[in-house]
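# Chains, contacts and geometry: an overview
Chain residues, written in single-letter form:
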Amino acid sequence: QVQLVESGGGLVQAGGSLRLSCAASGITFSINGMGWYRQAPGKQRELVAGISRGGTTTYANSVKGRFTISRDTAKKTVYLQMNSLKPEDTAVYYCNLFPAWVDGYWGQGTQVTVSS
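Not measured: the values here are computed from a predicted model.

Moving on to unusual backbone geometry. With an omega dihedral of 10 degrees, the bond running from Phe98 to Pro99 counts as a cis peptide bond. By the element assignment, Pro99 lies in the loop between strand E9 (91–98) and strand E10 (110–115). One non-glycine residue, Ser84, lies in the positive phi region at around 50 degrees.

Laid out in structure tokens, this is it:
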């Protein structure tokens, strides 16, 4: 059974930082690309950042230069370091496979709220 458990969200002021973590189980982590996605109220879920099994990274234009995705294969964990946060980054953040997510793999997500 696949489980993706996100953590690290919270309330932060604009300009602040957060580090999200996603612990994976039930998948062969080393052969899969992993991604961070987010969904804001009233909006569709969107890709924030992805990292291939080889370590190649992809970022949404809106977060380039501010967010960094990384992975620790031994710990089966993917991270998202978020700096210079903006109110428009407020959303529930999820991890899933990348470049194509799997509907049945969504976890509970972690809420990120950025106050102005």
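Back to the text.
As used here, a disulfide is simply a covalent bond connecting the sulfur atoms of two cysteines. A full pass over the atoms with the stated rule returns 1 disulfide. One disulfide in the model links Cys22 with Cys95; its S-S distance is 1.8 Å. Sign of the S-S torsion, about 45 degrees for the bond between Cys22 and Cys95, identifies this disulfide as right-handed. Within this pair, whereas Cys22 is found in strand E3 (residues 18–25), its partner Cys95 is found in strand E9, the two being separated by 73 residues in sequence. The pair formed by Cys22 and Cys95 is uniform in burial state, with each residue classed as buried.

A sheet is described by the order of its strands in space; here 4 strands give the open sequence E1-E3-E8-E7, paired in antiparallel fashion. Strands at the two margins of the open sheet, each flanked by one partner only, are strand E1 (3–7) and strand E7 (67–72). Within this sheet the neighbouring strands show an average axis-to-axis angle of 15 degrees, counted without direction. Sheet topology places E7 next to strand E8 (residues 77–82); 6 bridges connect them, and they run antiparallel.

Pairs can form between side chains of opposite charge whenever their charged atoms are close. Counted according to the given criterion, the structure contains 3 salt bridges. Here Asp89 ties to Arg38 by a salt bridge, and the two come within 3.0 Å at their closest N and O atoms. Within this pair, whereas Asp89 is found in the loop between E8 and E9, its partner Arg38 is found in strand E4 (residues 33–39), the two being separated by 51 residues in sequence. The residues Asp89 and Arg38 share a single accessibility class, namely buried. Residue Arg66 is joined to Asp89 by a salt bridge in which the shortest nitrogen-to-oxygen separation is 2.8 Å. Remark: Asp89 occurs in the loop between E8 and E9 and Arg66 occurs in the loop between strand E6 (57–59) and E7; sequence separation between them is 23 residues. The pair formed by Arg66 and Asp89 is uniform in burial state, with each residue classed as buried. Connected via shared salt-bridge partners are Arg38, Glu46, Arg66 and Asp89.

Rules and cut-offs
Residues numbered from 1 in each chain as written. Predicted model: local features only at pLDDT ≥ 70, side-chain atom pairs only at ≥ 80, totals over all residues. Heavy atoms only, no water. Helix = DSSP H or I, 4+ residues; strand = E, 2+ residues; numbered from the N terminus. Disulfide = S-S within 2.5 Å. Buried < 20%, exposed > 50% of the residue type's maximum accessible area, 1.4 Å probe, protein only. Pairing = 2+ DSSP bridges. Axes fitted to C-alpha atoms, helices over the stretch in contact; angles between N-to-C directions. Salt bridge = Lys/Arg side-chain N within 4 Å of Asp/Glu carboxyl O.

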